[in-house]
Amino acid sequence: LPPNAARLITELNTMGFTRLGETYTKVWLIGGGVTWLLVSPDKTVVAEVIDIGGHMPTGVQFGTAFMDDASLETSYPFGENQDFDRFRARFNTESLAAAYQQHLTERATMQAEHGTPRIFSNMPQYQDWDVRYRELHVYKRLGRPALPSILMSIWFLVLLGLFGFM
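Described below are features of the structure shown in this document.

Criteria and cut-off values
Note on numbering: residues in each chain are counted from 1, in written sequence order. Predicted model: local features are reported for residues with pLDDT of at least 70 only, side-chain atom pairs are reported and counted for 80 or more only, and whole-chain, interface and lining totals are derived from all residues. Hydrogen atoms and water are omitted, and side-chain values are computed over all heavy atoms in the structure. What counts as a helix is a DSSP run of H or I of at least four residues, what counts as a strand is a run of E of at least two, and both are numbered from the N terminus. When a residue's accessible area, from a 1.4 Å probe over protein chains only, is under 20% of the maximum for its type it is buried; when over 50% it is exposed; and in between it is partly exposed. Residues count as neighbours in contact if any of their non-hydrogen atoms are within 4.5 Å of one another. Surface accessibility follows the Shrake-Rupley procedure with a 1.4 Å probe radius. Residue values consider only the protein chains on display as shielding. Pairing between two strands is assigned when DSSP locates at least 2 bridges connecting them. Axes here mean lines fitted to C-alpha atoms, for a helix over just the part in contact, with angles spanning 0 to 180 degrees between N-to-C directions. Just to be clear on terms, a salt bridge is a Lys or Arg side-chain nitrogen sitting within 4 Å of an Asp or Glu carboxyl oxygen. Any two of the Phe, Tyr and Trp rings considered here, Trp counted by its six-membered ring, make a pair once their centres fall within 6.5 Å; the pair's planes then place it as stacked at under 30 degrees, edge-to-face at over 60, or tilted in between. As used in this structure description, the phrase polar contact means that two N or O atoms lie within 3.5 Å; if the pair is within protein, one of them must be able to donate a hydrogen and the other to accept it, and residues adjacent in sequence are counted only when both atoms belong to side chains.

A few words now on the overall build of the protein chain. A tally of helices and strands in the protein chain yields 4 helices and 7 strands. For the protein chain, the N- to C-terminal ordering of α and β elements is α-β-β-β-β-β-β-β-α-α-α. The buried share of the protein chain, reckoned over its 166 residues, is 40%. Considering only contacts in the protein chain between residues 6 or more positions apart, those separated by 24 or more positions represent 47%. Carbon and sulfur atoms provide 60% of the accessible area of the protein chain, an area that totals close to 9,400 Å².

Written out as structure tokens, the structure is:
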């Protein structure tokens with residue numbers, strides 16, 4: 001395990017999270033790497049420890065999926081704030097424990113509207129949800145609200161290239 005991923009996994013273990021499995025995450029134009037999946041004691045929160053091999057900081061994303069297909073994500077130490085129909089994303093830079101607490105607080109709010117969270121006891125359950133999540137939420141996240149920040153990032157990279165900083 002890479003040192004930062006090992007540290008985060010150890011911290012999640014002390015918070016009661018246990019291993020669910022691993023996946024491979026590919027980030028367009030950046031690269032890919034292993035994502036370690038851990039699940040909360042009640043099996044309703046999946047923690048994804050994402051390490052893209054030094055191309056971006058190692059991070060954790062807490063995720064809860066509801067039976068009506070609503071989804072909540074809270075990331076640490078970087079992420080985004082987005083609200084769409086049945087999708088909410090938040091991030092916390094304070095600490096992993098603070099991000100998890102923030103996730104649980106947001107989950108309680110969403111649960112009042114969206115009902116019971118899904119249970120993730122094994123990888124097939126997670127993989128089934130992951131397919132559904134991509135169908136429902138990914139294109140919304142990459143759509144119009146994200147477009148200005150994507151274009152600014154591309155513009156920034158072009159400027160760096162033009163001035164020889166790359």
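Ordered by their spatial adjacency, 7 strands build an open sheet running β1-β2-β3-β4-β5-β7-β6, and the pairing between neighbours is mixed. Both edges of this open sheet fall to β1 (18-27) and β6 (82-84), since each of them pairs with a single strand only. Across this sheet, the average inter-strand angle for adjacent strands is 20°, counted without regard to direction. Where strand β2 (residues 31-39) meets strand β3 (residues 46-50), 5 bridges bridge the pair, whose relative direction is antiparallel. Bridge pairing in β3 links Leu37 to Glu48. In the packing of helix α2 (residues 96-114) onto the sheet, the strands contacted are β4 (59-65), β5 (71-76) and β7 (87-91), and the crossing angle to β5 comes to about 165°.

This paragraph deals with the pairing of β1. Within a regular strand, the side chains alternate between the two sheet faces. As paired elements, β1 and β2 share 9 bridges and run antiparallel to each other. Looking across to β2, one finds that Glu22 is bridged to Trp36. In this antiparallel pair of consecutive strands, β1 and β2, the connection spans 3 residues, and Leu29 shows a positive phi of 70°.

To continue, consider the pattern of salt bridges. What the rule picks out here adds up to 11 salt bridges. With a shortest N-O distance of 2.5 Å, Asp69 and Arg118 are connected by a salt bridge. Highlighted residues: Asp69 in the loop between β4 and β5 and Arg118 in the loop between α2 and α3 (123-141), separated in sequence by 49 residues. On the basis of relative accessibility, which here comes to 10%, the residue Asp69 falls in the buried class.

As a further point, take the packing of aromatic side chains. Throughout the structure, instances matching the rule amount to 7 aromatic pairs. Between Phe17 and Phe62 the ring centres are 5.8 Å apart and the planes differ by 50°, which places this aromatic pair in the tilted class. Taken as a pair, Phe17 in the loop between α1 (3-14) and β1 and Phe62 in strand β4 lie far apart in primary sequence, 45 residues in all. For the pair formed by Phe17 and Phe62, the shared burial category is buried. An aromatic cluster is present here, built from Phe84, Phe87, Trp129 and Tyr133 joined pairwise through their rings.

Attention shifts here to the environment of Asp68. Inspection of the secondary structure assignment puts Asp68 in the loop between β4 and β5. Residue Asp68 is classed as partly exposed on the basis of its relative accessible area, which comes to 28%. Residues Asp68 and Pro117 lie 49 residues apart in sequence; the distance between their C-alpha atoms is 8.8 Å. In this structure, Asp68 is in contact with Arg86 and His114, ignoring residues within four places of it in sequence. At 3.0 Å, the side chain of Asp68 and the backbone nitrogen of Ala70 are in polar contact.

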